[in-house]
Every structure is written in structure tokens, then in C-alpha cells.
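# Summary of the model geometry
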Amino acid sequence: RERNRFTFIDASTGDTWLFCTVARRRPPVVVRSHGLEPLAERAIRRAATAATERLGFWRDLYYRWWMPWEVRHSLRCADLVRVLNRAEHDYCLRELGLDPRRVVIGRNARRATALPDIRPSARRVAAIGRWEPMKGSRDTVSAMVAVMRSRPDVHLTLLGTGVPAVGVLADF
């Protein structure tokens, strides 16, 4: 940032459309996926259908109309879209018609071998987000196992996992 100007904007899929709509002049925008919501919703709907469960009117309203609209508009206004995997990449190209030069596959989590040294005084690590492979749960497990081998006094706090503790612990 220099004199109230940003070099670029790093934003999430649900936030970017509004910024792009109101900004008169804007720097380049990078949208990063942390699990594309429309793809996750499809999986949830398949599971609900298989279990003959109804998800409800308000959920339908949000997840079938509003959220896909937000994601679609955010990704289309971005100068660069960073996705987590091939399924997300294909969704952006095939279903949203994005330019393949603007969509790259990258990781939001780092492998344990790429982690920086933890300060000697650091004792707590926090991870925020749903506990599922698409969101990097496997990377969190491998990183924390490596850290805790050399630093058994380090504690991991998980927030917003969306699954019972027994489900998270089973992954370790």
C-alpha cells in the first residue's frame, strides 16, 4: 500500500463482487478459493438426496440462488483466480467460462516440510475452517504431527470444524 493505494487486492469468493461493483478505479484483484461453495453444496445435496432428507427452503434460497451468484460474479471480476484443485479449476473454466490464463491451481495450506521454525515461546496453533480434505484438513494433520514430534508442548486449537471432536481426532 502506498498513499492509500493498494498494489493488489486479495479476497475470497463471497466478498469480491461487491468491491468490484463499487470501486471506480481498482488495483488487480486476486480471488482465492478455500473450497468453492457451489461444489461443496453439490456434495451436500447428493448426500441429502441419498438419505432422502430435505434441506429446507431458506437453505435452498441461499445455496441455490444467492451464494452461486456471489461466487460467479466474484470470480468473473477477478484478474486472477487461485483454486485448490482440478475440480475447482474445471468448474471455473467449464461452468463459469473463465479465461484459463486467469485460473491457477495452488494450495492454501503448506506441507509440514515447508513450515517455518516455530519461535521457542510459541505454544499454541489455531486452525479455522471446516474439517474436510477440500479445506486442507490432511495438511493440518501432517503439519501438526511433524510439529508436535519436536515440540510436544504445542497445542492445536480448531475453530469452526463443523464436525464432532471424535471425527477430528480420528484423522490424527
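Scope of this entry: the structure provided in the associated data block. (Residues numbered from 1 in each chain as written. Predicted model: local features only at pLDDT ≥ 70, side-chain atom pairs only at ≥ 80, totals over all residues. Heavy atoms only, no water.)

This part is about the overall build of the protein. Helix and strand counts for the protein come out as six helices and six strands. Seen in sequence order, the protein has helices and strands lined up from the N terminus as β-α-β-α-α-β-α-β-β-α-β-α. Counting all 172 residues of the protein, 32% fall into the buried class. Expressed as a percentage of contacts within the protein between residues at least 6 apart in sequence, the contacts between residues at least 24 apart total 57%. Total accessible area on the protein is roughly 11,600 Å²; 55% of this is exposed by carbon and sulfur atoms. (Helix = DSSP H or I, 4+ residues; strand = E, 2+ residues; numbered from the N terminus. Buried < 20%, exposed > 50% of the residue type's maximum accessible area, 1.4 Å probe, protein only. Contact = heavy atoms within 4.5 Å. Areas by Shrake-Rupley, 256 points an atom, 1.4 Å probe, with all protein chains shown as cover.)

Once that is clear, we can look at the pattern of salt bridges. The final tally for this structure, using the stated rule, is seven salt bridges. We note a salt bridge from Arg42 to Glu95, for which the minimum N-O separation is 2.5 Å. Here Glu95 lies in helix α4 (residues 86–95) and Arg42 lies in helix α2 (residues 37–50), a separation of 53 residues in the sequence. Owing to a relative accessible area of 43%, Glu95 belongs among the partly exposed residues under this scheme. Two residues, Arg151 and Asp153, come together in a salt bridge whose shortest N-O distance is 3.2 Å. (Salt bridge = Lys/Arg side-chain N within 4 Å of Asp/Glu carboxyl O.)

As a further point, take the layout of surface pockets. Here the second largest pocket defines a volume of roughly 200 Å³. In terms of lining, the second largest pocket is formed by 15 residues, of which the most central are Glu37, Tyr62, Tyr63, Met67 and Arg130. Looking at the lining of the second largest pocket, the elements that each hand over two or more residues are α2 and α3 (57–77). (1 Å grid on protein atoms, 1.4 Å probe; cavity = no way out; pocket = protein on both sides within 12 Å on 5 of 7 lines; lining within 4 Å. Points joined across faces, edges and corners; volume = space filled by probe spheres on them.)

What follows covers a nonpolar patch on the surface. A contiguous nonpolar patch, built from Phe57, Trp58, Leu61 and Trp65 and spanning about 530 Å² of accessible area, is present on the exposed surface. Relative to the elements of secondary structure, Trp65 occurs in helix α3. In this structure Trp65 comes out as exposed when scored by relative accessible area, which is 52%. (Patch = residues over 30% accessible without salt bridge, like charges linked within 9 Å, V, L, I, M, F, W, Y side chains within 5 Å.)

Looking now at the sheet that holds strand β1 (residues 9–12). Strand pairing in a sheet relies on backbone hydrogen bonds, with the paired strands running either antiparallel or parallel. Strand order in the open sheet formed by four strands is β1-β2-β3-β4, and the pairing between neighbours is parallel. Edge strands, defined here as strands with exactly one partner in the open sheet, are β1 and β4 (103–105). The sheet shows a mean angle of 25 degrees between the axes of neighbouring strands, taken without regard to direction. Bridge count between strand β3 (residues 80–83) and β4: three bridges; the pairing is parallel. Each residue of the ladder has a partner; that of Arg82, found in β4, is Val104. Of the strands in this sheet, β3 and β4 are in contact with α4, which crosses β4 at around 170 degrees. (Pairing = 2+ DSSP bridges. Axes fitted to C-alpha atoms, helices over the stretch in contact; angles between N-to-C directions.)

Attention shifts here to the pairing of β3. Of the two faces of β3, the one lined by Val81 and Val83 is fully buried and the one lined by Leu80 and Arg82 carries no buried residue. Summarising the sheet, strand β2 (residues 29–32) and β3 pair through three bridges and their orientation is parallel. Following the sheet pairing, Val31 is matched in β3 by Val81. Following the backbone out of β3, through α4 and into the adjacent parallel β4, one traces a crossover that is right-handed. (Right-handed = clockwise from strand over helix to strand, strands pointing away.)

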